[in-house]
Each structure stands twice: as structure tokens, then as C-alpha cells.
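Chain and residue survey
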2 protein chains.
Amino acid sequence: MISRRGLSATSIREMAKHAKAPLGSTYHYFPEGKQQLATEAVRHTGEWVARSLRRELEAGPVAGLRAFLTLWRKIVVDSDFHAGCPVLAVSIEEPPADEIPPALAAAAEVFAQWETLLAASLRDHGADPRRADQLATLVVAAVEGALAMCRAKRTTEPLDRAAQQLQALIADAIEG
Amino acid sequence: MISRRGLSATSIREMAKHAKAPLGSTYHYFPEGKQQLATEAVRHTGEWVARSLRRELEAGPVAGLRAFLTLWRKIVVDSDFHAGCPVLAVSIEEPPADEIPPALAAAAEVFAQWETLLAASLRDHGADPRRADQLATLVVAAVEGALAMCRAKRTTEPLDRAAQQLQALIADAIEG
DNA sequence: GGTAGACTATGACGATCGTTATAGCCAGCG
DNA sequence: CGCTGGCTATAACGATCGTCATAGTCTACC
């Protein structure tokens, strides 16, 4: 739900109803309220994607990238362009001026984890270390941005176009 | 304000107060309410960025890209990682199931405009047309995604890393 | 000076938000 | 059987939301 509506537009009432759980139970299992819900949602998504990434990266960076792209493409298409990445959704919520909410910190960690996985695989396959780091960041950033563009345009074209360039880039980096 | 909080978390009351305008006036000048506010905000930002892009692209795609990057980098840094791109913020709000709100359509047009400007400049400088389109999309997507990552991590590193790769890519494309 | 019309001030409307309190149900153990 | 304690149901709290209606103010033209 966060990946569809964003964090602030996702109400606990709706969430409980969608989960067919009573509203009262929400605060029994998540005593810290909405922040905890958001944090655990981000971490859950992060781990889910990271698992898929780890598995597919065993066949090399090209296969890993393809899996990453396919995964997000499926989410956008299956939701008829209504859903995106919940980690990005949490990232663009404004935090209070003086502290960093745990959900935002979790989002940062998730991004870092995805980048680390990609960069390590690139290095293992002969890419220059510095370039590997930059490419991993570029991949995550481009996919996240392309997802949002797909939702606005109601087309998968942005993701598909970015995918082509990213694939060529990765292929070039591991044989240079 | 949309670029900080997102659309649904931005209240008309707060907006009017921030603009030192009376709340009643909002519905006098924007009779269609919040949707109209969002649409005009998206279009305004789109035109503002497009103007800067057109100006800098006269010196070539490399200069244009650098201006695009610098512009967004400044917004993130000046806001102490609290603000991002309002067009992206509007893009990831879930629309009603049966219709497309005008603000979302405006966001799609803005993205398309930025891509068109970049792609045209790339073609004018000798890039392969197909590659030019893909690269233009990649640039916009990567910058939008990197902005969100910067906010989560409270660092400009994602944007700077993506920038390096994008600059190399553009340079390579216009001399291939 | 008076009057029309653009703008503002004010307050209200129903709805929904996150969160909490409290009363009730209902398993499991003695 | 009785009772304890985890879970649920329900209602309420104050706050805030988008939107609208209405009464008031003020400017500008006749």
C-alpha cells in the first residue's frame, strides 16, 4: 500500500482492513505505531529484493540486472501502473527538521545494500572497482526513477529504454 | 512544498499560510482546488527546468547535462536534503482507478519534454537517434532516482556517482 | 458620493487521520 | 470449574483535512 499511495496517504485503518485484521491489533503488534509499520515494510521489501538479487547474481551481473529490472517491471505492470517502489516512497517523505525517522534510515540502508550487492558482483567479474560502485548506484537510481516515470506515462517505455542502456553498460564494464 | 512533503501531505492551509495569502483566496484563484494547484505546480517546475535546459544545451549536451545535474543538486543541498523533485512526487501518488488526474498527466508531459530536449541535442551532435532517446530517458530517470537516494542517505554521493557515469556516457555517445 | 464587483476574512461542514482507553471474549492452566 | 492473560472489539480523543458559504472590506469607475 505504501508503494501505491505513499506513506502519509496510507492510513492504518485502511491497512488493517486490507489485511482483514482488527484495528486494535495493529497497536498490539506494532506498539510504535505508523513509524514502525513503515520501517518494517521498508526492511521487508529490501530483504525480499536483496534475496532475489543475490540468487540471480550468481549467474553474473548481467543476469542480476535483468532480474532486478524484471522484478520491478512486473510490479508496475501487474498493478496497472498504480504501484512502485515503497523504499522510494518512504525516501521522499519529509522528515522532521531535527531528527531522522527510523523508516528513512531503513530506506537508506536498503538502497546501500542493493548497491553493494551489484557492485560486488561487478568487481568479481573484472570491473574496475571505482566504476563498479558508480555503476551500481546508477542502476538503482535509474530503475527507481524510471519506475516513477512509467507510472506517470502509463507505459513501460522509460524502464525498457533505461534497461537497454544499463545492460549495454554492464556488459561493457565486465569485459573492459 | 510538494517537492518536500509530497502532494497528499501538502495541505492547502499550510500552503496559503506559507504564501502569506488568505485561505479563502486560494479557491478564488484556483477554483478547481488542490488538483489545479498540483497541476500548475508541476507545469511551472517543468517549464522552469526546461528553460534552463534549453539555455545550457546551446553549448552542447555535456553542458546541458551538467546544468541539469547542478540544478537538482543545489535544490537537495540547499534544502538540507528535505526537498526533491515535485514532478516525481506527483508521479508516485496513486490515481483513482478509473481516471487520470490532470496533475499526473502534466507530470508525464514534463518528463517527456525534458527527454525530448536532451535527445534532440544528442542527435544534433552526432549521436545515433535510437541511442539518443534511450540516453535521454536514462538521464532523467537516473537523476530523479538519485535525488530520492540522496534524501534517504543525506549525502550527495548517489547523485555525484550517477553524474560521473552519465557524463562519460554522453561524451562517448556524441563522438561515436 | 454612491454603487458594483473583485477580493478577503471567518467559520463551518463532514470526513478521516493517528492514537489511546476500556470493556469483553476466550483460550489454557490450576 | 474458576481464573488469568493475551487478543479483539468498540468508541472516543483532539487534530487536521478539502471544500464551501457567507458576510465584510475595499477599490474603481460613473
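Okay, so let's go over this structure. All of these numbers come straight from a predicted model, not from anything done at the bench.

**Things to note about the protein's contact with DNA strand C**
A:Arg13, A:Tyr27, A:Lys34, B:Pro22 and B:Ser25 are the nearest of the 14 residues found near DNA strand C. Restricting the count to atoms of DNA strand C within 4 Å of the protein gives a sugar and phosphate share of 62%. In the model, a phosphate oxygen of DNA strand C is placed 3.0 Å from a nitrogen or oxygen of the A:Ser11 side chain. With respect to DNA strand C, the backbone of A:Ile12 contributes an N or O atom lying 3.0 Å from a phosphate oxygen. Secondary structure elements with two or more residues in the surface near DNA strand C: α2 (12-18) and α3 (23-29) of chain A together with α3 (23-29) of chain B. Split by residue class, the surface near DNA strand C holds five nonpolar, five polar and four charged.

**Some remarks on the packing of helix α5 (residues 61-78) of chain A against helix α8 (residues 129-153) of chain A**
Residues and elements named next belong to chain A. Orientation of α5 relative to α8, taken along the N-to-C sense of each, is 20°, at an axis distance of 11 Å. In terms of orientation, α5 lies roughly parallel with respect to α8. For the crossing formed where α5 meets α8, the hand is right-handed. Contact with α5, carried on its side by Leu-65, Phe-68, Leu-69, Trp-72 and Val-76, involves Val-139, Val-140, Val-143, Leu-147 and Cys-150 of α8 and no other residues of that element. Considered class by class, the residues forming the contact of α5 with α8 number ten nonpolar, no polar and no charged.

**A short note on the interface of chain B and chain A**
It is common to report an interface's size as the accessible area lost on association of the parts. With 47 residues of chain B at the contact, the number on the chain A side is 47 residues. Here chain B packs against chain A, burying approximately 4,000 Å² in sum over the two surfaces, 64% of which is carbon and sulfur. Seen at the junction of chain B and chain A, the total is eight salt bridges. One salt bridge connects A:Arg161 with B:Glu115, and the closest N-O pair in it is separated by 3.7 Å. If one sorts the elements of the side of chain B that touches chain A by residue count, helix α8 (residues 129-153) of chain B sits on top with 18 residues.

Rules and cut-offs
- In this convention, every chain numbers its residues from 1, walking through the sequence in written order.
- Just so you know, chain letters begin at A and ligand numbers begin at 1, following the order they were written in.
- Given that this is a predicted model, residues contribute local features only at a pLDDT of at least 70 and side-chain atom pairs are listed and counted only at 80 or more, while totals for whole chains, interfaces and linings are drawn from all residues.
- Excluding hydrogens and water, the side-chain figures rest on all heavy atoms present in the structure.
- By convention in this text, a residue qualifies as near a molecule or strand provided that one of its non-hydrogen atoms is within 4 Å of it.
- For this analysis, a polar contact is any N or O atom pair within 3.5 Å, provided that within protein one partner can donate a hydrogen and the other can accept it, and provided that sequence-adjacent residues contribute only side-chain to side-chain pairs.
- Only DSSP runs of H or I covering at least 4 residues are called helices, and only runs of E covering at least 2 are called strands; the numbering of each starts at the N terminus.
- Under the convention adopted here, Pro, Cys and the residues Ala, Val, Leu, Ile, Met, Phe, Trp and Tyr are nonpolar, Asp, Glu, Lys and Arg are charged, and Gly plus all remaining residues are polar.
- An axis is simply a line fitted to the C-alpha atoms; with a helix, the fit covers only the stretch in contact. Between two such axes, the angle follows the N-to-C directions and lies from 0 to 180 degrees.
- For classification, angles of less than 35 degrees are called roughly parallel, those exceeding 145 degrees roughly antiparallel, those between 65 and 115 degrees roughly perpendicular, and all remaining angles oblique.
- For a crossing to be left-handed, the near helix must be turned anticlockwise from the far one by less than a right angle; the clockwise case is right-handed.
- The contact criterion used throughout is that any non-hydrogen atoms of two residues lie within 4.5 Å.
- Two parts placed together each lose some accessible area under a 1.4 Å probe, and the buried area is that loss summed for both.
- Every case where a carboxyl oxygen of Asp or Glu lies within 4 Å of a side-chain nitrogen of Lys or Arg is listed as a salt bridge.

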